[in-house]
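# Structure at a glance
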Amino acid sequence: MTVRVPAKVNLQLGVGPLRDDGYHDLVNVFHAVSLFDEVTAVPADRLSVTVEAAPDARVAIEAVPTTGDNLAARAARLVAERLGVEPLVGLRIRKAIPVAGGMAGGSADAAAALVACARLWDDPDTPRLSRDDLMEMGGAIGSDVPFALLGGTAIGVGRGERLTPVPASGTFHWVFATADGGLSTPAVYAECDRLREERGERAPWPRASEELMAALADGDAKALGAALHNDLQPAALTLRPSLRDTLAAGRDRGALGALVSGSGPTCAFLAESGNHAADLAAALNGADVAEQAFAAHGPVPGATLL
Ligand code: ATP
(Lines give C-alpha, C1' and ligand atoms only; values in the text may rest on other atoms or scores of the structure.)
Protein backbone atom coordinates (compact mmCIF):
# COMPACT_ATOMS: atom_id res chain seq x y z
CA MET A 1 0.00 0.00 0.00
CA THR A 2 1.95 3.04 -1.22
CA VAL A 3 0.61 6.59 -1.15
CA ARG A 4 2.23 9.50 -2.97
CA VAL A 5 1.73 12.93 -1.41
CA PRO A 6 2.76 16.42 -2.57
CA ALA A 7 4.57 19.32 -0.91
CA LYS A 8 2.86 22.69 -0.66
CA VAL A 9 3.84 26.29 -1.19
CA ASN A 10 1.81 29.12 0.33
CA LEU A 11 0.82 31.62 -2.37
CA GLN A 12 -0.53 33.92 0.32
CA LEU A 13 0.09 33.54 4.03
CA GLY A 14 -1.74 36.24 5.98
CA VAL A 15 -1.01 36.03 9.70
CA GLY A 16 -3.58 37.69 11.98
CA PRO A 17 -3.40 38.43 15.70
CA LEU A 18 -2.30 35.80 18.21
CA ARG A 19 -5.34 33.95 19.62
CA ASP A 20 -5.89 32.93 23.23
CA ASP A 21 -5.15 29.30 22.30
CA GLY A 22 -1.64 30.24 21.09
CA TYR A 23 -2.48 29.90 17.37
CA HIS A 24 -2.83 32.76 14.91
CA ASP A 25 -5.84 33.32 12.69
CA LEU A 26 -4.60 32.77 9.17
CA VAL A 27 -5.57 33.23 5.59
CA ASN A 28 -3.54 30.60 3.88
CA VAL A 29 -3.65 29.97 0.13
CA PHE A 30 -2.10 26.53 -0.34
CA HIS A 31 -0.86 25.21 -3.68
CA ALA A 32 0.26 21.59 -4.10
CA VAL A 33 3.40 21.12 -6.22
CA SER A 34 5.07 18.16 -7.96
CA LEU A 35 7.56 17.32 -5.25
CA PHE A 36 6.42 14.11 -3.56
CA ASP A 37 7.04 11.95 -0.51
CA GLU A 38 5.89 8.32 -0.65
CA VAL A 39 4.62 6.38 2.34
CA THR A 40 4.32 2.58 2.13
CA ALA A 41 2.32 0.73 4.79
CA VAL A 42 2.75 -3.02 5.27
CA PRO A 43 1.17 -5.26 7.95
CA ALA A 44 3.68 -5.95 10.74
CA ASP A 45 3.79 -7.31 14.28
CA ARG A 46 4.34 -3.81 15.73
CA LEU A 47 4.24 -0.13 14.69
CA SER A 48 7.56 0.94 13.16
CA VAL A 49 8.82 3.78 10.96
CA THR A 50 11.78 3.83 8.58
CA VAL A 51 12.86 6.89 6.62
CA GLU A 52 14.96 7.05 3.48
CA ALA A 53 15.83 9.81 1.02
CA ALA A 54 14.33 9.60 -2.47
CA PRO A 55 16.94 9.20 -5.24
CA ASP A 56 18.69 12.55 -5.95
CA ALA A 57 16.94 14.30 -3.05
CA ARG A 58 19.19 16.03 -0.54
CA VAL A 59 16.95 15.77 2.51
CA ALA A 60 18.09 15.73 6.14
CA ILE A 61 16.47 12.41 7.03
CA GLU A 62 18.49 12.26 10.27
CA ALA A 63 16.21 15.08 11.56
CA VAL A 64 13.08 12.96 11.05
CA PRO A 65 11.99 10.93 14.10
CA THR A 66 11.54 7.16 13.63
CA THR A 67 9.65 6.90 16.90
CA GLY A 68 6.00 7.39 17.77
CA ASP A 69 6.56 11.16 17.36
CA ASN A 70 6.75 10.79 13.60
CA LEU A 71 3.61 12.42 12.25
CA ALA A 72 2.95 9.37 10.04
CA ALA A 73 3.02 7.12 13.13
CA ARG A 74 0.57 9.45 14.89
CA ALA A 75 -1.72 9.19 11.89
CA ALA A 76 -1.51 5.37 11.92
CA ARG A 77 -2.40 5.25 15.63
CA LEU A 78 -5.37 7.56 15.05
CA VAL A 79 -6.76 5.39 12.22
CA ALA A 80 -6.29 2.23 14.34
CA GLU A 81 -8.06 3.85 17.29
CA ARG A 82 -11.01 4.94 15.15
CA LEU A 83 -11.38 1.49 13.60
CA GLY A 84 -10.81 -0.38 16.89
CA VAL A 85 -7.76 -2.33 15.65
CA GLU A 86 -4.15 -2.55 16.86
CA PRO A 87 -1.72 -0.28 14.91
CA LEU A 88 0.35 -3.19 13.61
CA VAL A 89 1.99 -1.56 10.62
CA GLY A 90 5.45 -0.89 9.22
CA LEU A 91 5.61 2.57 7.65
CA ARG A 92 8.36 3.26 5.12
CA ILE A 93 8.74 6.94 4.26
CA ARG A 94 10.65 7.90 1.14
CA LYS A 95 11.32 11.63 1.44
CA ALA A 96 11.91 14.20 -1.27
CA ILE A 97 10.22 17.10 0.56
CA PRO A 98 12.81 19.12 2.54
CA VAL A 99 12.70 18.56 6.32
CA ALA A 100 11.66 21.64 8.35
CA GLY A 101 11.70 23.46 5.01
CA GLY A 102 8.33 25.26 5.06
CA MET A 103 6.81 22.83 2.54
CA ALA A 104 4.81 20.77 5.07
CA GLY A 105 6.68 17.50 4.56
CA GLY A 106 5.74 16.03 7.93
CA SER A 107 2.09 16.93 7.39
CA ALA A 108 2.27 15.33 3.94
CA ASP A 109 3.55 12.08 5.46
CA ALA A 110 0.73 12.15 8.03
CA ALA A 111 -1.84 12.58 5.25
CA ALA A 112 -0.30 9.70 3.28
CA ALA A 113 -0.32 7.45 6.35
CA LEU A 114 -4.00 8.25 7.01
CA VAL A 115 -4.90 7.14 3.48
CA ALA A 116 -2.62 4.06 3.51
CA CYS A 117 -3.73 2.79 6.94
CA ALA A 118 -7.43 3.40 6.24
CA ARG A 119 -6.99 1.32 3.09
CA LEU A 120 -5.15 -1.37 5.06
CA TRP A 121 -7.61 -1.70 7.95
CA ASP A 122 -10.99 -0.41 6.76
CA ASP A 123 -13.55 -2.54 4.96
CA PRO A 124 -13.13 -1.78 1.21
CA ASP A 125 -16.80 -2.55 0.43
CA THR A 126 -18.42 -0.55 3.23
CA PRO A 127 -15.72 1.83 4.51
CA ARG A 128 -16.31 3.22 7.98
CA LEU A 129 -13.98 6.18 7.42
CA SER A 130 -15.09 8.66 4.75
CA ARG A 131 -12.87 11.25 3.05
CA ASP A 132 -14.42 13.85 5.41
CA ASP A 133 -13.46 11.70 8.43
CA LEU A 134 -9.85 11.58 7.19
CA MET A 135 -9.87 15.37 6.69
CA GLU A 136 -11.15 15.88 10.25
CA MET A 137 -8.57 13.43 11.66
CA GLY A 138 -5.87 15.22 9.66
CA GLY A 139 -6.86 18.56 11.21
CA ALA A 140 -6.42 17.00 14.66
CA ILE A 141 -2.82 16.01 13.77
CA GLY A 142 -1.78 19.38 12.29
CA SER A 143 -3.10 22.45 10.48
CA ASP A 144 -1.44 21.54 7.15
CA VAL A 145 -2.54 17.87 7.03
CA PRO A 146 -6.05 18.36 5.52
CA PHE A 147 -4.56 20.26 2.55
CA ALA A 148 -2.09 17.44 1.85
CA LEU A 149 -5.15 15.16 1.51
CA LEU A 150 -7.01 17.62 -0.73
CA GLY A 151 -4.22 18.94 -3.00
CA GLY A 152 -4.82 21.39 -5.86
CA THR A 153 -5.12 25.00 -4.74
CA ALA A 154 -7.20 25.88 -1.69
CA ILE A 155 -7.76 28.62 0.81
CA GLY A 156 -7.53 27.71 4.48
CA VAL A 157 -8.90 29.83 7.32
CA GLY A 158 -8.88 29.40 11.09
CA ARG A 159 -5.54 27.74 11.89
CA GLY A 160 -5.43 27.14 8.13
CA GLU A 161 -7.26 23.81 8.37
CA ARG A 162 -10.78 24.90 7.24
CA LEU A 163 -10.37 24.53 3.49
CA THR A 164 -12.20 25.68 0.38
CA PRO A 165 -10.84 24.72 -3.06
CA VAL A 166 -9.85 27.71 -5.23
CA PRO A 167 -10.48 27.57 -9.00
CA ALA A 168 -7.20 27.79 -10.91
CA SER A 169 -6.57 27.58 -14.67
CA GLY A 170 -3.62 25.85 -16.27
CA THR A 171 -0.29 24.93 -14.76
CA PHE A 172 2.20 27.17 -12.99
CA HIS A 173 5.94 26.49 -13.16
CA TRP A 174 8.05 26.91 -10.05
CA VAL A 175 11.61 26.68 -8.83
CA PHE A 176 12.33 25.77 -5.22
CA ALA A 177 15.64 26.56 -3.58
CA THR A 178 16.32 24.60 -0.41
CA ALA A 179 18.65 25.74 2.37
CA ASP A 180 21.09 23.84 4.49
CA GLY A 181 19.37 23.42 7.90
CA GLY A 182 15.69 23.96 8.64
CA LEU A 183 13.74 26.66 10.45
CA SER A 184 11.39 25.79 13.30
CA THR A 185 7.82 26.85 12.48
CA PRO A 186 6.99 27.95 16.09
CA ALA A 187 10.24 29.98 16.21
CA VAL A 188 9.30 31.82 13.00
CA TYR A 189 5.79 32.66 14.30
CA ALA A 190 7.32 33.87 17.58
CA GLU A 191 9.77 36.07 15.64
CA CYS A 192 6.86 37.46 13.58
CA ASP A 193 5.07 38.45 16.84
CA ARG A 194 8.30 39.93 18.25
CA LEU A 195 8.98 42.03 15.12
CA ARG A 196 5.40 43.32 15.11
CA GLU A 197 5.64 44.32 18.75
CA GLU A 198 9.04 45.97 18.25
CA ARG A 199 7.66 47.99 15.32
CA GLY A 200 4.42 48.81 17.15
CA GLU A 201 2.44 47.13 14.34
CA ARG A 202 -1.03 45.76 15.01
CA ALA A 203 -1.61 42.52 13.16
CA PRO A 204 -4.26 43.19 10.51
CA TRP A 205 -7.22 40.84 10.16
CA PRO A 206 -6.03 38.71 7.23
CA ARG A 207 -8.11 38.74 4.05
CA ALA A 208 -7.72 36.73 0.85
CA SER A 209 -6.09 38.80 -1.88
CA GLU A 210 -8.49 39.51 -4.75
CA GLU A 211 -5.56 40.01 -7.15
CA LEU A 212 -4.27 36.55 -6.24
CA MET A 213 -7.68 34.88 -6.74
CA ALA A 214 -8.12 36.60 -10.14
CA ALA A 215 -4.58 35.60 -11.24
CA LEU A 216 -5.28 31.96 -10.33
CA ALA A 217 -8.67 31.91 -12.09
CA ASP A 218 -7.11 33.44 -15.23
CA GLY A 219 -4.00 31.24 -15.16
CA ASP A 220 -2.00 34.51 -15.37
CA ALA A 221 1.52 33.74 -14.10
CA LYS A 222 2.71 37.35 -14.32
CA ALA A 223 -0.20 38.60 -12.17
CA LEU A 224 0.26 35.68 -9.77
CA GLY A 225 3.95 36.51 -9.38
CA ALA A 226 3.05 40.10 -8.42
CA ALA A 227 0.38 38.94 -5.92
CA LEU A 228 2.47 36.38 -3.96
CA HIS A 229 2.73 37.40 -0.30
CA ASN A 230 3.93 35.85 2.94
CA ASP A 231 3.53 37.66 6.29
CA LEU A 232 6.11 35.29 7.83
CA GLN A 233 8.81 36.35 5.36
CA PRO A 234 10.28 39.25 7.42
CA ALA A 235 10.63 36.89 10.40
CA ALA A 236 12.24 34.13 8.29
CA LEU A 237 14.67 36.70 6.81
CA THR A 238 15.62 37.99 10.27
CA LEU A 239 16.34 34.46 11.46
CA ARG A 240 18.14 33.50 8.22
CA PRO A 241 19.53 36.70 6.58
CA SER A 242 21.21 34.73 3.75
CA LEU A 243 17.75 34.11 2.25
CA ARG A 244 17.75 37.74 1.03
CA ASP A 245 20.55 36.81 -1.41
CA THR A 246 18.66 33.70 -2.51
CA LEU A 247 15.49 35.70 -3.25
CA ALA A 248 17.45 38.46 -5.01
CA ALA A 249 19.30 35.91 -7.17
CA GLY A 250 15.98 34.51 -8.44
CA ARG A 251 14.49 37.96 -9.09
CA ASP A 252 17.65 39.04 -10.96
CA ARG A 253 17.28 35.99 -13.19
CA GLY A 254 13.76 36.86 -14.28
CA ALA A 255 11.50 35.13 -11.72
CA LEU A 256 7.95 36.54 -11.98
CA GLY A 257 7.70 36.37 -8.20
CA ALA A 258 9.87 35.22 -5.31
CA LEU A 259 8.98 34.45 -1.71
CA VAL A 260 9.88 32.36 1.28
CA SER A 261 7.71 29.22 1.36
CA GLY A 262 5.63 29.09 4.56
CA SER A 263 7.93 29.41 7.55
CA GLY A 264 11.01 28.83 5.33
CA PRO A 265 13.84 28.44 4.71
CA THR A 266 12.91 27.05 1.26
CA CYS A 267 12.44 29.88 -1.27
CA ALA A 268 9.90 29.64 -4.12
CA PHE A 269 10.21 31.35 -7.50
CA LEU A 270 7.50 31.56 -10.13
CA ALA A 271 8.75 31.04 -13.69
CA GLU A 272 7.21 31.93 -17.06
CA SER A 273 7.28 28.38 -18.45
CA GLY A 274 8.69 24.90 -17.87
CA ASN A 275 11.80 25.85 -19.85
CA HIS A 276 12.27 29.04 -17.88
CA ALA A 277 11.94 27.06 -14.64
CA ALA A 278 14.63 24.59 -15.77
CA ASP A 279 16.97 27.47 -16.75
CA LEU A 280 16.30 29.33 -13.50
CA ALA A 281 16.98 26.21 -11.41
CA ALA A 282 20.29 25.65 -13.26
CA ALA A 283 21.25 29.31 -12.78
CA LEU A 284 20.49 29.21 -9.05
CA ASN A 285 22.47 25.98 -8.66
CA GLY A 286 25.41 27.73 -10.37
CA ALA A 287 25.10 30.88 -8.24
CA ASP A 288 25.78 29.11 -4.95
CA VAL A 289 22.82 30.75 -3.15
CA ALA A 290 20.98 27.56 -2.20
CA GLU A 291 21.66 24.02 -1.13
CA GLN A 292 19.73 22.68 -4.11
CA ALA A 293 17.39 24.31 -6.65
CA PHE A 294 14.91 22.30 -8.72
CA ALA A 295 11.87 22.87 -10.92
CA ALA A 296 8.35 21.66 -10.12
CA HIS A 297 4.81 22.50 -11.24
CA GLY A 298 1.43 22.95 -9.65
CA PRO A 299 -1.33 22.42 -8.92
CA VAL A 300 -1.21 18.62 -8.46
CA PRO A 301 -3.64 16.27 -6.64
CA GLY A 302 -3.37 15.50 -2.92
CA ALA A 303 -2.44 12.14 -1.31
CA THR A 304 -3.02 9.41 -3.91
CA LEU A 305 -2.85 5.64 -3.62
CA LEU A 306 -0.40 4.27 -6.23
P1 ATP B 1 5.35 23.38 7.80
O2 ATP B 1 5.60 23.88 6.42
O3 ATP B 1 4.06 22.59 7.93
O4 ATP B 1 5.53 24.38 8.87
P5 ATP B 1 7.92 22.15 7.65
O6 ATP B 1 7.93 21.68 6.24
O7 ATP B 1 8.66 23.41 7.95
O8 ATP B 1 6.44 22.25 8.13
P9 ATP B 1 8.40 19.45 8.50
O10 ATP B 1 9.35 18.89 7.51
O11 ATP B 1 6.97 19.08 8.35
O12 ATP B 1 8.53 21.03 8.57
O13 ATP B 1 8.92 18.98 9.94
C14 ATP B 1 9.05 19.74 11.07
C15 ATP B 1 9.55 18.83 12.22
O16 ATP B 1 8.58 17.80 12.43
C17 ATP B 1 10.84 18.11 11.88
O18 ATP B 1 11.95 18.82 12.34
C19 ATP B 1 10.70 16.77 12.62
O20 ATP B 1 11.31 16.81 13.88
C21 ATP B 1 9.20 16.59 12.85
N22 ATP B 1 8.60 15.46 12.09
C23 ATP B 1 7.74 14.55 12.57
N24 ATP B 1 7.37 13.67 11.62
C25 ATP B 1 7.98 14.03 10.50
C26 ATP B 1 7.99 13.50 9.18
N27 ATP B 1 7.29 12.42 8.82
N28 ATP B 1 8.73 14.15 8.26
C29 ATP B 1 9.44 15.26 8.61
N30 ATP B 1 9.49 15.77 9.84
C31 ATP B 1 8.77 15.17 10.79
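Fair warning: this is a prediction, and the values are worked out from it, not measured in the lab.

## Details of the overall build of the chain
- Helix and strand counts for the chain come out as 10 helices and 12 strands.
- Over its C-alpha trace the chain gives a radius of gyration of 19 Å, about what one expects of a compact globule, namely 19 Å for 306 residues.
- Reported as C-alpha extents along the three principal axes, the dimensions of the chain are approximately 55 × 45 × 35 Å.
- Within the chain, the fraction of its 306 residues that count as buried is 51%.

## Side note on the packing of helix α1 (residues 71-83) against helix α2 (residues 105-121)
- Where α1 meets α2, the axes come as close as 7 Å, and the angle between the chain directions of the two elements is 35°. Of the two elements, α1 crosses α2, and the hand of that crossing is right-handed. Mapping the contact onto sequence places Leu71, Ala72, Arg74, Ala75, Ala76, Val79, Ala80 and Leu83 in α1 and Gly106, Ser107, Asp109, Ala110, Ala112, Ala113, Leu114, Cys117, Ala118 and Trp121 in α2.

## With respect to the site of the ligand
- Around the ligand there are 23 residues in total, and Ala104, Gly105, Gly106, Asp109 and Thr185 lie nearest to it.
- Going through the elements one at a time, α1 and α2 are the ones with two or more residues in the shell around the ligand.
- Here the shell around the ligand gets four residues from one element, more than from any other, and that element is α2.
- Along the lines of polarity and charge, the residues of the shell around the ligand split into 10 nonpolar, 10 polar and three charged.
- Both domains that meet at the shell around the ligand, namely domain 1 (2-166) and domain 2 (172-298), each give it at least three residues.

## As for helix α9 (residues 243-252)
- Buried within α9 are the following residues: Leu243, Thr246, Leu247, Ala249 and Gly250. All buried residues of α9 project into a common sector of 160° when viewed along the axis, lining one side. The outward face of α9, more than 90 degrees from its buried face, is lined by the exposed residues Arg244, Ala248 and Asp252.
- Looking at the buried residues of α9, the elements they touch are β7 (172-178), α8 (233-239), β9 (257-260), β10 (267-271) and α10 (274-287).
- In the stretch just after α9, Gly254 is the one whose phi turns positive, near 90°.

## Things to note about the domain arrangement of the chain
- Per the domain assignment, the segments of the chain are domain 1 (2-166) and domain 2 (172-298).
- Domain 1 and domain 2 are separated by 22 Å when their C-alpha centres are compared.
- Contact with domain 1, which involves 32 residues of that partner, is made by 36 residues of domain 2.
- Counting residues per element, the ones that place at least two in the side of domain 1 that touches domain 2 are β1 (2-18), β2 (24-43) and β5 (153-158).

## What to know about unusual backbone geometry
- Following Gly264, the chain continues into Pro265 via a peptide bond in cis, with omega recorded as 5°.
- Residue placement: Pro265 occurs in the loop between β9 and β10.
- Cis geometry marks the peptide bond from Gly298 to Pro299, where omega comes out at 0°.
- Unlike most non-glycine residues, Asp56 shows phi in positive territory, near 70°.
- On the basis of neighbour count, Asp56 is assigned to the exposed category, with 8 C-beta atoms found within 10 Å.
- Phi angles above zero are rare outside glycine, and Ala104 is one such case at about 60°.
- On the secondary structure map, Ala104 appears in the loop between β4 (89-95) and α2.

## Remarks on the nonpolar core
- Ala72, Ala113, Trp174 and Val175 are the most contacted members of the largest nonpolar core, which has 103 residues in total.
- Residues from two domains meet in this core; each of domain 1 (2-166) and domain 2 (172-298) gives at least three.

## Some remarks on the environment of Thr304
- Following the sequence through the fold, Thr304 ends up in strand β12 (residues 304-305).
- Separated by 155 residues in sequence, Thr304 and Leu149 place their C-alpha atoms 8.2 Å apart.
- Apart from the residues lying within four places of it in its own chain, the contact partners of Thr304 are Val3 and Arg4.

## Quick word on helix α6 (residues 210-218)
- For α6, the full list of buried residues reads Leu212, Ala215 and Leu216. Each buried residue of α6 sits inside an arc of 100° when the element is viewed along its axis, so together they form one side. Exposed positions of α6 whose direction lies more than 90 degrees from the buried face are Glu210 and Ala217.
- The first or second residue beyond α6 is Gly219, which carries a positive phi of 65°.

## Focus on the pairing of β1
- Of all 17 residues in β1, 12 are buried; the element is thus mostly enclosed.
- In this structure, β1 lies alongside β2, joined through 14 bridges in antiparallel fashion. When the sheet's bridge partners are listed, Val3 is paired in β2 with Val39.
- Where β1 folds back onto β2 in an antiparallel hairpin, the turn is made up of five residues, including Gly22, whose phi is positive at roughly 90°.
- Two strands pair when backbone bridges link them, and β1 and β12 are joined in this way by two bridges, in the antiparallel orientation. Looking at β12, one finds that Arg4 is bridged to Thr304.
- Pairing of β1 with strand β8 (residues 229-230) involves two bridges; the strand directions are parallel. Looking at β8, one finds that Gln12 is bridged to His229.

Each value, and the rule that gives it
- Residues numbered from 1 in each chain as written.
- Predicted model: local features only at pLDDT ≥ 70, side-chain atom pairs only at ≥ 80, totals over all residues.
- Helix = DSSP H or I, 4+ residues; strand = E, 2+ residues; numbered from the N terminus.
- Rg over C-alpha atoms; globule rule 2.2 N^0.38 Å.
- Buried ≥ 20, exposed ≤ 12 C-beta atoms within 10 Å, placed from the backbone.
- Axes fitted to C-alpha atoms, helices over the stretch in contact; angles between N-to-C directions.
- Left-handed = near helix turned anticlockwise from the far one by under 90°.
- Contact = placed C-beta atoms within 7 Å.
- Near = placed C-beta within 6 Å.
- Nonpolar A, V, L, I, M, F, W, Y, C, P; charged D, E, K, R; others polar.
- Domains from an automatic or database assignment.
- Arc of directions from axis to C-beta.
- Core = buried A, V, L, I, M, F, W, Y, C linked by C-beta atoms within 7 Å.
- Pairing = 2+ DSSP bridges.

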